[in-house]
Amino acid sequence: MEEGSSRPRTLTMKDLEPLMNSDRTQAYGRIVKTLEDLGPAKLLATEQIRIRDAADTLIFASSADHDVMAAADDVRALADHLVDSGRWTEERAATLVDDLGACGPLAPVA
């Protein structure tokens, strides 16, 4: 999350990153762990599915096509909702969005 902002950073395409690498798989693992640790207590079943589907879309993507951008936008909107409703902290939501971007062909823009 940008300093002084209550919203996660914007995501854009990475330049010439390999299709799959350890950074992407580690980020995917962090999302899975978040869903395991917080999912049942802090997320509705439909919200968990949205996050998992987005992570699956990004981890297997080779470029930031329409589906990738839509998945990232959906999770960013969900993260905003979770913060606005008081269910998640801004830091937790930003971490989720950052991890999602890191598991796909996207990179946060400062």
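In this report, we go over the structure that sits alongside the text. All values reported here derive from a predicted model rather than from experimental measurement.

## Overview of the pattern of salt bridges
Line of reasoning, step 1. Inspection of the entire model under this criterion finds 5 salt bridges.
Line of reasoning, step 2. Across the pair Asp 99 and Arg 30 runs a salt bridge, and its minimum N-O distance is 2.8 Å. One end of the pair, Asp 99, is in helix H4 (residues 90-102); the other, Arg 30, is in helix H1 (residues 22-42), and 69 residues separate them in sequence.
Line of reasoning, step 3. For Asp 99, a relative accessible area of 8% translates into the label buried.
Line of reasoning, step 4. The exposure class assigned to Arg 30 is partly exposed, which follows from its relative accessible area of 36%.
Line of reasoning, step 5. With a shortest N-O distance of 2.4 Å, Arg 76 and Asp 73 are connected by a salt bridge. One end of the pair, Arg 76, and the other, Asp 73, are both in helix H3 (residues 66-84), 3 residues apart, so they sit about a helical turn from each other.
Line of reasoning, step 6. A relative accessible area of 38% means that Asp 73 is categorised as partly exposed.

## So, the packing of H1 against H4
Line of reasoning, step 1. In the contact formed by H1 and H4, the axes pass within 8 Å of each other and the chain directions differ by 145 degrees. As H1 packs across H4, the resulting crossing turns out to be left-handed. Taking contact as the criterion, the partners of Asp 23, Arg 24, Ala 27, Arg 30, Ile 31, Thr 34 and Leu 38 in H1 are, on H4, Arg 92, Leu 96, Asp 99, Leu 100 and Ala 102.
Line of reasoning, step 2. Its residues placed into classes, the contact of H1 with H4 shows 6 nonpolar, 1 polar and 5 charged.

## Describing the environment of Gly 101
Line of reasoning, step 1. Its location among the elements puts Gly 101 in helix H4.
Line of reasoning, step 2. Gly 101 gets classed as buried once you look at its relative accessible area, which sits at 0%.

## Points about H1
Line of reasoning, step 1. Between its first and last C-alpha atoms H1 spans 28 Å; for 21 residues at 1.5 Å apiece the expected length is 30 Å, and the two agree.
Line of reasoning, step 2. Taken as a whole, H1 carries its principal kink of about 40 degrees at Glu 36; the proline Pro 40 stands between one and four residues after it.
Line of reasoning, step 3. Of the positions making up H1, those classed as buried are Arg 24, Ala 27, Tyr 28, Ile 31, Val 32, Thr 34, Leu 35 and Gly 39.
Line of reasoning, step 4. Along its buried surface, H1 packs onto helix H2 (45-59) and H4.

About the cut-offs
Residues numbered from 1 in each chain as written. Predicted model: local features only at pLDDT ≥ 70, side-chain atom pairs only at ≥ 80, totals over all residues. Heavy atoms only, no water. Salt bridge = Lys/Arg side-chain N within 4 Å of Asp/Glu carboxyl O. Helix = DSSP H or I, 4+ residues; strand = E, 2+ residues; numbered from the N terminus. Buried < 20%, exposed > 50% of the residue type's maximum accessible area, 1.4 Å probe, protein only. Axes fitted to C-alpha atoms, helices over the stretch in contact; angles between N-to-C directions. Left-handed = near helix turned anticlockwise from the far one by under 90°. Contact = heavy atoms within 4.5 Å. Nonpolar A, V, L, I, M, F, W, Y, C, P; charged D, E, K, R; others polar. Expected span 1.5 Å × (residues − 1). Bend = angle between axes of the 7 residues up to and from the residue.

Coordinates in, geometry out; function isn't part of it.
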